[in-house]
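So you can see what is in the structure, the chains are spelled out below.
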Amino acid sequence: MKFPEHVVHRRYCGCRTFMDGASTAIKFVRDRGLDHAVEREKNLRPLLNVKNLIKSEPSKSLPISLISQHKDSLKIPSRPIEFIRKYPSVFQEFLPGGIGIHPHIKLTPEVLDIDAEEHLVYQSYSYKRLVADRLLKLLMISRMNKIPISILDILKWDLGLPQNYLKTLVPDFPDYFRLVGSDDSGQLELVCWSNELAVSVLEKKTMGGGSGYSKGMPIAFPVKFSNGFEMDKKVKKWWDDWQKLPYVSPYENALHVSPKTDESDKWTASILHEILNLFVAKKAGRDDVLCVGEYLGIRSRFKTVLLHHPHIFYLSSKTGTYTVVLKEAYKRGLLIESNPLMNIRNRYIHLMHTVKEHGKGLSIPSGSNKEKKATSRASKKEAGADGDDSEEENNGVSDVLAGSESEDGDSNDEEGGYEGSRRGARETVAVSRRKTNKRKNVGLKAQLRDGEDEKAMGKYNGVTKTKIPPNGSRNVHQKSQQRSSNLQQRSRRSLPE
């Protein structure tokens, strides 16, 4: 193995540490955009796990009982049958041979089309090279330039690795890495160090800016403060001095630095920053991040960085578990950097929230609270309240994000799905019918009340009004009276005097 030549061991004489009590001055502020970015991918991973399991079967279908047996390994959050029926645009339930004992599940043509495109992405050489570079950079960051396969399996989703990457990806890059040991308990080992790839994202951006950067110079981390975030003056002073400290590359070994110094804190932040940049979604579960930190021997330092720098690393709890998000990688809840695999995952998310009704695709928002808001807006439009459209245009994405903010602890929201949207539509129709009937009843009561008032007024004035029949029957009545008078006159003339 060729060892890196640029790994240096700096000796810092300063012992400046994060001020006492400063951590209490940094308060957590919720970021709705990043919460939405985390929440919109909820249930995507177990859905794709079920999809891959069904696709691996020769018959391309599975009984629901078999899916229930693998519930834990598939990470299905609820009852498998409820989870399957929640996404009718992805899974089809049928009874094989007309026997109604065990229902089977198969994939819809729409999800099979996306799966075929996903397979093409994994098979393309450009994407394989991109994933191989990520693995190589992660190996150069890790200690002893080795990573256990068990840790790579945990990070497989975040790194964008194919399912059988040990057989389809690792053998294609023998100059990068090699497998040592078995597939289950082995390790992925670095073969050759790459000085070209041993450059962090922050170093590359600084070099591209033409500032004449050289190793050891200060680099300021890009930060994004959430709305409502406030910083104490002392913390602000500490933060400005922290940004001016020398930048230690994550590909350099600085374990000799005391873990309770600001220099070590900034080096740890550079490692976490670089690792999150290696992930396709620029985010990962906190437990997965701490698992990597434990292997690197800096688990406690990772926790300290997450506590001290919420303006760099955001910690979201929208899915019931904590997720670490790189704030600079998102804008208004959307990932800034385009990635072919993330484009495929976004198509899966769109299909998840599309229901089939009478053979047509109908896109609905995720979450019953959003459905209720959409239903209420529709009813207001019918009543003549057209101001909601302008308000929605002014608020932009914040309206959608506000809906996700109010869904904490509502376990039935995600299980509502398609049935919740149809229930909301039925409630809207019922409300409109009740309003129409109410208007009719009010009109009839008003007519009756007017007739009674007229009758009362006639009696009060001593005049009895003749009822006027509708549809011109007054003329018919007058003609009949004229005929009767004429007959009386004729009868009088015919009588003898």
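Here's what I pulled together on the structure shown here. None of the values given here were measured: they were computed from a predicted structure. Each chain carries its own residue numbering, running from 1 in the direction its sequence is written. Only residues with pLDDT of at least 70 are given local features in this predicted model, and only at 80 or more are side-chain atom pairs given and counted; all residues enter the totals for whole chains, interfaces and linings. The side-chain numbers reported here are obtained from all heavy atoms of the structure, hydrogens and water having been left aside.

## Brief notes about the overall build of the protein
Note on conventions: DSSP H or I runs of at least 4 residues are helices, E runs of at least 2 residues are strands, and numbering of each starts at the N terminus. Assigned secondary structure in the protein consists of 22 helices and 13 strands. Per-residue accessibility, obtained with a 1.4 Å probe over protein chains only, is compared with the maximum for each type, and a residue is labelled buried under 20%, exposed over 50%, and partly exposed between these values. The buried share of the protein, taken over its 497 residues, is 41%. Residue contacts follow a heavy-atom distance rule, with two residues in contact if any of their heavy atoms lie within 4.5 Å. In the protein, 70% of the contacts between residues at least 6 apart in sequence involve partners at least 24 apart. When the accessible surface of the protein is totalled, it reaches about 28800 Å², and 52% of it is carbon and sulfur. Computed with a 1.4 Å probe, the accessible areas rest on the Shrake-Rupley method; for each residue, only the protein chains presented here act as cover.

## Regarding the packing of aromatic side chains
Pairing of aromatic side chains requires ring centres within 6.5 Å, counting the rings of Phe and Tyr and the six-membered ring of Trp. Pairs whose planes differ by under 30 degrees are stacked, by over 60 edge-to-face, and all others tilted. Taken as a whole and assessed by the stated rule, the structure comprises 9 aromatic pairs. Plain terms: the ring middles of Tyr-122 and Tyr-127 are 5.8 Å apart, the flat faces sit at 70° to each other, and that makes the pair edge-to-face. Pair check on accessibility: Tyr-122 and Tyr-127 agree, each one buried. The rings of Phe-221, Trp-238, Trp-239, Trp-242 and Tyr-247 are connected pair by pair, giving a single aromatic cluster. Here the guanidinium or amino end of Lys-266 rests over the ring plane of Trp-242, the centre of that ring lying 5.6 Å away. As a reminder, the over-ring test applies to NZ of lysine and CZ of arginine, requiring each to be within 6 Å of the ring centre and within 35 degrees of the ring normal.

## A word on the pairing of strand E5 (residues 177-180)
By the convention used here, strands pair only if DSSP detects at least 2 bridges between them. In the sheet, E5 pairs with strand E6 (residues 187-190) via 4 bridges, with the strands oriented antiparallel. Its bridge partner being in E6, Leu-179 is matched across the sheet by Leu-188. Counting the residues between successive antiparallel strands, the hairpin from E5 to E6 contains 6 residues, one of them, Gly-181, with a positive phi of roughly 95°.

## Considering the side chain of Thr-323
Structurally, the position occupied by Thr-323 is in strand E9 (residues 323-326). For Thr-323, a relative accessible area of 8% translates into the label buried. For Thr-323, the residues in contact, after removing those within four places along its chain, are Val-38, Lys-283, Ala-284, Gly-285, Arg-286, Tyr-314, Leu-315 and Ser-316.

## What about the sheet that holds E9?
As summarised here, the arrangement of the 3 strands in space is E7-E9-E8, forming an open sheet in which the pairing is antiparallel. Strands with a single pairing partner mark the edges of an open sheet, and in this sheet they are strand E7 (283-285) and strand E8 (313-316). Neighbour to neighbour, the strand axes of the sheet diverge by 20° on average, direction disregarded. Bridge count between E7 and E9: 3 bridges; the pairing is antiparallel. Every axis corresponds to a line fitted to the C-alpha atoms, with the helix fit spanning only the stretch in contact, and the corresponding angles, defined between N-to-C directions, vary from 0 to 180 degrees.

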